[in-house]
Amino acid sequence: LPQTADEGPVCDTFQQILNEGFELYLGRAESIHLDCAHIRQKLTEINSKDNLKRMVVESIEVFLPSAVFEGGNGFVDLPGLADMDAACEQQTYEGVQQAAAVFVVLPKALAADKLSAELLCRAGVVKRVLEQPGSQGSRDVGFLINPEVSKDHDKMEAFSEDEQANALLAVNDTRQTWRHVLINENSKLRDEGFGKTDEEVEEIVRKTEIRNIYPMLHASFISNMEYAQEHAEQTERVLRLSNMYWLTGVLAARNREMLVRQLQVFVDTSFPQLLEKVLASQKHEAVSEDTNATAERFLRAAKVGRYERFGRHLDPLVKDTIDLLGACRAKLHQQIQDFFDEGEQVATFLDKAVERQPRILNPLLERMKRRFAAMRAVSPSNKGNLYNYRLKPAVFGGDDNPIDFQPLVDRLLATMKEATERVMELLVGAVEKLLPKKSGDRDHDAINGLKESFFSEQSLLIEKFSTNFFAARQNVANLKVVDRVGTHLRKLATEACDKAVTSCILSKSDGLSTVSDVKHLILTNVVQVREEWKRMAAAAIFSLVEKQLGTLTVDLTQAGRGRIFLLRQALVGYLKLVVQHYQMHGQPQLQVQLKEFYAQLRRQHEQLGNLCHDLQEMQDPTQLGMEATRTAEKSHQTARYVLGEVRQQGLAPYANLGRPDRKMPITDLATVGRVDRFIAIKESGHIFARGSDDSLGDLASTFETLQRQLWPRVGSMPDVFTALCVAAWTSVKIRNGRENLKDALPAASAWLRATAVAELKQRFSSYQAHTKAKLADALGQDLEAYLQQLRSKEYTGDLLCLFILALRFKLNVLVFRPGGDLPILITYSDDIITGHEKLPMHHVAVTAAGDNQGGTNWFCSLRPSMRTRFSDENQTRELSQ
């Protein structure tokens, strides 16, 4: 028989599938419902017993747009325990073990599904629930009772009084069964010296979410909007009792809680550090002119790679860093060894193993009466896992390894943090060595004063020593998150248990002939197995740490293909900071702008703090679910409107531009005098600049020149949609796989026109009658007539079209108009402009008499340096390029 999996013969087709590695299926992105049907069809094909892919597929990932997934959440649909395939059952077991939260879908009460309760216990989920502080573990498990999967379920009577009584009974029965499961598992933990009080267990039972759900009925009312609108009372009852809003809210809350925690960290830590950094940069002295000139010379040498001018100062830094990491290696090794030799958790684990050994090992030896069974129990081929004769639980007191390795991870990372600070000191010393010998205390003080600013900019270097230390060059998921590194170390220690059993017992089984010999081998080596485990576990963890330290050393000190040479980057970065700080102190205007920037940051920090507080106050899952669903339904409705308009105009799917990919130029808006010179009108979203201005006679030619220089193949832009398309999207996005930009631009422009019509149509349909009347009066025509006019290619567009597209794609557009009026800023934001603002925005100009028919032409700016300054009524606006 083949000794390894690679030696097993397979057919050519099977081998070809293996060699492909992965397959990617893409939907058409026209309808989420069609894409979901496409996914179901592909899954059915793959799961067919006649398909070889069913035997080789390791995992299937489905990506769908959903607010629930935006924070990194994902659903894993496990095959369950009723599958005849043992691999599927093992996949379910492993998936439940690794999941952050488990939702158990039941057709009836939990008492009728003993397999699910056993799985939760066997996979350690119940134990995990009980080990968490207080009642926090109740969030790790939820029970969803779905009566719709039962054949005898009457969908027409889903919300009758009888159905609701049965639903309440199922919830109560499931909660009672869950109570028994928790009590039984808690009694085992109490025997081990852990466990919770009866009151704490009851609190977990009370807080565990158990609900009846009716997804099919909910979906039927959502999908049939006409019936739902005609039967509003029944619809409200169905949507409330189906609990799908609640389920969506629970899932969204998990994503939301993580985002709120991240926002809180940003408000409490990151933003104050940025404020402190900006404030400090205003206080620090700049270096002397000679020192700045020296720094600039070294930067030029570094740019061209001149070794004799730059590299010779880098070599001592590399050598000192390698020596530092060598000392760090010895310290890390000692910390790992101390954790296993002197650590309280390891000692407690081994003491418990000794205490439990008689209860597990003695019955095992008593069952070992036949020579055949005894020889198989210690045979290396069975790896000590022969059913009814498993050696690892007998030696270590159970299958689980309760040791918490996170304290060890924290100690190791603390050592790496100290190493980071030492490396930073070496970098500062290297910069000081580059200074002219005649430099005085002022230069040294200035360079040391920039240390804090420099440290905050070296996020990549700091991550290499901290959050990314264990993750670098690793594909293990638990190593990607610092808080889960301890879980991976526990896995290494658990694997060491099996290896120790093999080394001390199984490898010595050759030559045994009797049951007594086998028992003697086991009994005489039990203590040695535990000692060997300590050595192997420590070695496995240190091997990982040593490998990561070697990777860090290469990243820091070596150049070459695929290597980042962080020390060189950091040294160059420090010199750049010295030069930038000198230049900033030499320009009073920059100092003024820095003060304004600091004031803006303080206001934004206060606003973020208020937002974080408001988000923390929102806790109701049902309300969150309704909001999330309403947002998703609105998005889907908009997509349907756009798709309908696109089809009506006969556009191909490739015309879809997607999100804008050209960055908006930063424009300087300034006012002189009263702040209210800019007035934000939230009802329309426009911000009007009041006052007078000189003629814009040269403006059209300016934009026309830009157009000819940057877009020579485009020609004239006959409407606002073409102008916005050119301004906000790159040529690659516009072409979308087509060779000729001139042919692709009309289709992309038509898609923007269809999008504007669809957005306006959707908004008009949601307005009340009196609001529609006001809009019709402002437009001078009926809304439908306006939309019909907008659909025509002869209509070049207006500011309302720009406004609706700005809202749709989150754009700011500054529109220059003929006739001498000040420009209009169309913005998606409701924020009022203060006395001085720098805003990202696209520039669009419209000129009269742009064609032979006396219509209008539209132009756009692509120059990121374009600045527009509004002054008082006696000064002109300046356009600088």
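The structure under discussion appears in the preceding block.
Every residue gets a number counted from 1 within its own chain, in the order that chain's sequence is written. Per-residue local features are limited, in this predicted model, to residues with pLDDT of at least 70; the limit for side-chain atom pairs, both in listing and counting, is 80 or more; totals at the level of whole chains, interfaces and linings are taken over all residues. With hydrogens and water excluded, all non-hydrogen atoms of the structure serve as input to the side-chain values.

**Q** Sorry, what's going on with the overall build of the protein chain here?
**A** Think of it this way: any DSSP run of H or I at least four residues long counts as a helix, any run of E at least two long counts as a strand, and we number them from the N terminus. Helices and strands together make up the secondary structure of the protein chain, namely 33 helices and 13 strands. The classification of residues rests on relative accessible area computed with a 1.4 Å probe and restricted to protein chains. Under 20% of the type maximum is buried, over 50% is exposed, and intermediate values are partly exposed. Considering the protein chain as a whole, with its 881 residues, one finds that 41% of them fall into the buried category. Sequence separation of at least 24 residues holds for 75% of the intrachain contacts in the protein chain that already meet a minimum separation of 6. The Shrake-Rupley method, run with a 1.4 Å probe, gives the accessible areas here. Residue values count only the displayed protein chains as cover. Carbon and sulfur atoms provide 51% of the accessible area of the protein chain, an area that totals close to 49,000 Å². Two residues form a contact once any of their heavy atoms are found within 4.5 Å.

**Q** Mind showing me how you'd approach the packing of helix H18 (residues 406-433) against helix H24 (residues 566-585) here?
**A** Packed helix pairs are specified by the crossing angle of their axes together with the interaxial distance, meaning the distance between the axes. Lines fitted to the C-alpha atoms define the axes, with helices restricted to the stretch that makes contact. Angles between their N-to-C directions range from 0 to 180 degrees. Axis separation between H18 and H24 bottoms out at 10 Å; the angle between their running directions is 55°. Classified by the interaxial angle, the pair formed by H18 and H24 is oblique. With respect to the hand of their crossing, H18 and H24 are arranged in right-handed fashion. Between H18, through Val423, Leu427, Val428, Ala430 and Val431, and H24, the contact on the second element is made entirely by Leu567, Ala570, Leu571, Tyr574 and Leu575. Considered class by class, the residues forming the contact of H18 with H24 number ten nonpolar, no polar and no charged. Angle categories are assigned with fixed cut-offs, so that under 35 degrees is roughly parallel, over 145 is roughly antiparallel, 65 to 115 is roughly perpendicular, and the rest are oblique. By definition, any crossing whose near helix is turned counterclockwise from its far helix by less than a right angle is left-handed, and any crossing with a clockwise turn is right-handed. When residues are grouped by polarity, Ala, Val, Leu, Ile, Met, Phe, Trp, Tyr, Cys and Pro land in nonpolar, Asp, Glu, Lys and Arg in charged, and all others, Gly among them, in polar.

**Q** Would you explain the sheet that holds strand S2 (residues 141-145) in this entry?
**A** Two modes of strand pairing occur in sheets, parallel and antiparallel, and in both the strands are linked by backbone hydrogen bonds. Note: two strands are recorded as paired if DSSP finds a minimum of 2 bridges between them. Strands sit in the order S1-S2-S3 across an open sheet of three strands; the sheet is parallel. Both outer strands of the open sheet, strand S1 (102-106) and strand S3 (209-212), are each paired with one neighbouring strand and no more. Along the sheet, successive strands turn relative to each other by an average axial angle of 15°, direction set aside. Of the pairings in the sheet, the one linking S2 to S3 comprises four bridges and is parallel in character. The partner of Gly142 across the bridge, within S3, is Glu209. Helix H7 (residues 161-191) contacts S1, S2 and S3 of the sheet and is inclined by roughly 150° relative to S2.

**Q** Can you walk me through the packing of aromatic side chains in this structure?
**A** Any two aromatic rings considered together are summarised by their centre-to-centre distance and by the angle between their planes. Only Phe, Tyr and Trp rings take part, Trp by its six-membered ring, and two of them pair if their centres are within 6.5 Å. Stacked means planes under 30 degrees apart, edge-to-face means over 60, and tilted covers everything else. Using the criterion set out here, one finds 13 aromatic pairs in the structure. Between the aromatic rings of Phe339 and Phe340, the centroid separation amounts to 5.7 Å while the plane-to-plane angle is 80°, which identifies the pairing as edge-to-face. The same class applies to Phe339 as to Phe340, namely buried. Relative to Phe405, the ring of Phe339 lies with its centre 5.4 Å away and its plane at 40°, an arrangement referred to as tilted.

The values reported here are purely geometric and, on their own, carry no functional implication.
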